[in-house]
Amino acid sequence: MSVEMSKPVPRPGILDIASYVPGKEHAPGVARVYKLSSNETPLGASPKAIEACKAAADHLGRYPDGQAVELREAIAAVHGLNPANILCGNGSDELLGLLCHVYLGAGDEGIITEHGFLVYKIQIQGAGATPVVVREKDHTVDVDAILAAVTEKTKIVFIANPGNPTGTYVPVSEIRRLQAGLPKHVVLVLDAAYAEYVRRNDYEAGIEVVSSNANVVMTRTFSKAYGLAALRVGWMYAPAEIVDAVNRVRGPFNLNAPAIAAGAAAIRDQAFVQQAVSFNQTWVETLTQALEAIGLKVTPSVANFVLIHFPEIDGKRAADADDLLTSRGYILRAVRSYGFSNALRMSIGPEEANRGVIAALTEFMGHKA
């Protein structure tokens with residue numbers, strides 16, 4: 001006879017999941033706060049996207065287009081893709097979760113890398129599967145380590161390219177080698193959330209690899225370079241069979257009307273995006289040079305943030321720097337949960353915030369500003 005339970009109980013494994021904790025936002029007692037913990041763009045959204053969002057507010061009594069046709073067609077036009085291979089989501093996070101829901105189950109394994117985006121592990125566990133963590137090499141995805149970890153239970157592989165919180169990237173030649181080495185039934189997910197920022201000749205976000213293979217998916221977001229983090233807009237480019245499978249479990253109105261309108265306007269305004277990318281590139285280089293000049297180590301980044309490593313010296317560690325910076329209104333991201341116990345990730349912010357962090361850390365390291 002079964003024992004009656006006194007309350008609802010989640011299925012096994014759910015309570016073993018560590019909840020995702022976003023970057024902090026507040027610095028109590030500080031008049032002016034600069035949030036540099038969530039990789040948001042300091043330039044905000046395109047004025048055209050804002051205008052489109054406001055216009056959509058005139059029709060809030062109607063359901064949004066469940067197929068997000070306007071947005072899919074805008075994405076397709078800018079990137080030269082077939083709209084039928086594009087699926088939009090409530091941020092790329094939703095799409096990552098749906099892929100796990102569709103392709104993973106109890107007894108399956110999903111491969112992630114040691115410094116990869118924490119959401120991958122959460123979604124793998126949420127689907128009842130087992131996350132398999134492989135080591136990175138110099139804070140960069142190691143293709144050989146991934147291939148060595150593949151078993152008959154492997155069903156999905158997640159790659160953040162560029163990586164978060166590292167800012168490093170894998171050349172497209174390595175992505176091709178990874179795909180070629182995987183069993184054909186394993187889904188390779190290329191999370192290219194920061195692709196717009198990359199300016200390297202050997203980088204490719206994933207469009208080319210998806211177009212020539214049946215088991216590769218690329219996910220993208222409007223939360224970074226496009227400045228639409230508040231609206232939660234993401235998309236994926238995938239083979240027709242994968243789009244069809246995910247569509248079967250996707251919520252019928254998973255993207256709201258203002259998000260669809262703003263996303264379509266944002267991606268059409270490529271001139272605004274290039275301004276954001278140019279500003280970012282200038283400050284990634286400036287911050288890296290300035291911080292290295294005062295004795296800090298910075299992982300080379302192609303994204304819109306830098307990973308700053310601190311000395312293993314009492315009073316000079318990341319936690320000490322975080323306390324000082326927070327007291328002055330500069331909120332960076334502690335990345336212990338990503339495997340970096342003595343580092344902080346700093347999003348590129350407005351000029352005054354970037355200069356303020358440089359000045360504060362210069363003082364922190366015992367140098368004259």
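Note that the coordinates shown come from a computational prediction; the quantities given were computed from them, not determined experimentally.

## As for the overall build of the protein chain
Moving on, step 1. In terms of helices and strands, the protein chain carries 12 helices and 13 strands.
Moving on, step 2. Relative to the 2.2 N^0.38 estimate, which gives 21 Å for 369 residues, the radius of gyration of the protein chain is 21 Å and therefore close to what a compact globule would have.
Moving on, step 3. Projected onto the principal axes, the alpha-carbon positions of the protein chain cover approximately 65 × 55 × 55 Å.
Moving on, step 4. The buried share of the protein chain, taken over its 369 residues, is 54%.
Moving on, step 5. Sequence-distant contacts in the protein chain: of pairs separated by 6 or more residues, those separated by 24 or more amount to 74%.

## A look at the side chain of Asn280
Moving on, step 1. Note on placement: Asn280 falls in helix 10 (residues 270-293).
Moving on, step 2. A residue is classified by how much of its surface remains accessible, and Asn280, at 5% relative accessible area, is buried.
Moving on, step 3. A distance of 3.0 Å separates a polar side-chain atom of Asn280 from the backbone oxygen of Ala303.
Moving on, step 4. Apart from the residues within four sequence positions on either side, Asn280 is in contact with Tyr197, Ala303, Asn304 and Ile348.

## Observations concerning the pattern of salt bridges
Moving on, step 1. Considering all chains together, one arrives at 14 salt bridges under this definition.
Moving on, step 2. In this structure, Arg220 and Glu196 form a salt bridge, with 3.1 Å as the shortest nitrogen-oxygen distance. Here Arg220 is found in strand 7 (residues 216-221), whereas its partner Glu196 is found in the loop between strand 6 (187-191) and helix 7 (207-211), with 24 residues between them in sequence.
Moving on, step 3. Residue classification places Arg220 among the buried residues on the basis of a relative accessible area of 5%.
Moving on, step 4. Owing to a relative accessible area of 10%, Glu196 belongs among the buried residues under this scheme.
Moving on, step 5. Across the pair Arg248 and Asp244 runs a salt bridge, and its minimum N-O distance is 3.0 Å.
Moving on, step 6. For Arg248, a relative accessible area of 65% corresponds to the exposed category.

## Regarding the nonpolar core
Moving on, step 1. One finds Leu71, Ile159, Phe222 and Trp235 to be the most contacted residues of the largest nonpolar core, which totals 61 residues.
Moving on, step 2. With six residues, the top contributor of residues to this core is helix 9 (residues 257-268).
Moving on, step 3. Discounting residues that sit within four places of it in the chain, Leu71 has contacts with Cys88, Phe222, Val233, Leu255, Ile260, Gly263 and Ala264.
Moving on, step 4. Leu104, Tyr120, Val335 and Phe340 belong to the second-largest nonpolar core, a separate cluster that totals 30 residues.

## Let's talk about the UniProt feature "modified residue: N6-(pyridoxal phosphate)lysine" (unreviewed entry) in the protein chain
Moving on, step 1. Taking the UniProt record as the reference, the feature "modified residue: N6-(pyridoxal phosphate)lysine" (unreviewed entry) is found at Lys224.
Moving on, step 2. Considering the arrangement of structural elements, one finds Lys224 in the loop between strand 7 and strand 8 (234-237).
Moving on, step 3. Discounting chain neighbours no more than four positions away, the residues touching Lys224 are Ser38, Asn39, Thr41, Ala193, Tyr194 and Tyr197.
Moving on, step 4. A distance of 3.4 Å separates a polar atom in the side chain of Lys224 from the backbone oxygen of Ser38.

## Topic: the UniProt feature "domain: Aminotransferase class I/classII large" (unreviewed entry) in the protein chain
Moving on, step 1. If you check UniProt for "domain: Aminotransferase class I/classII large" (unreviewed entry), the listed places come out as residues 33-360 in our numbering.
Moving on, step 2. As annotated, residues 33-360 has a helix share of 39% and a strand share of 17%, and its two end C-alpha atoms lie 14 Å apart.

## Considerations on the state of the cysteines
Moving on, step 1. Scanning all chains against the criterion turns up zero disulfides.
Moving on, step 2. Not engaged in a disulfide, the cysteine Cys88 finds its nearest cysteine sulfur in Cys53; these two sulfurs lie 16 Å apart.
Moving on, step 3. As a non-bridged cysteine, Cys100 has Cys88 as the owner of its nearest cysteine sulfur, 19 Å distant.
Moving on, step 4. Classification of Cys100 as buried rests on a relative accessible area of 0%.

## Concerning the sheet that holds strand 12 (residues 333-334)
Moving on, step 1. What the four strands build is an open sheet, ordered 9-10-13-12; its pairing is antiparallel. Edge positions in the sheet fall to strand 9 (297-299) and strand 12, since each has one partner strand and no second.

## As for the pairing of strand 7
Moving on, step 1. The buried fraction of strand 7 is high, at six of six residues.
Moving on, step 2. Burial along strand 7 is two-sided: the face carrying Val216, Met218 and Arg220 and the face carrying Val217, Thr219 and Thr221 are both buried.
Moving on, step 3. With four bridges joining them, strand 6 and strand 7 adopt parallel strand pairing. Following the sheet pairing, Leu190 is matched in strand 7 by Met218.

Each value, and the rule that gives it
- Residues numbered from 1 in each chain as written.
- Predicted model: local features only at pLDDT ≥ 70, side-chain atom pairs only at ≥ 80, totals over all residues.
- Heavy atoms only, no water.
- Helix = DSSP H or I, 4+ residues; strand = E, 2+ residues; numbered from the N terminus.
- Rg over C-alpha atoms; globule rule 2.2 N^0.38 Å.
- Buried < 20%, exposed > 50% of the residue type's maximum accessible area, 1.4 Å probe, protein only.
- Contact = heavy atoms within 4.5 Å.
- Polar contact = N/O pair within 3.5 Å; in protein donor to acceptor, adjacent residues only side chain to side chain.
- Salt bridge = Lys/Arg side-chain N within 4 Å of Asp/Glu carboxyl O.
- Core = buried A, V, L, I, M, F, W, Y, C linked by side-chain atoms within 4.5 Å.
- UniProt positions renumbered as here; feature names shortened; annotations may be inferred.
- Disulfide = S-S within 2.5 Å.
- Pairing = 2+ DSSP bridges.

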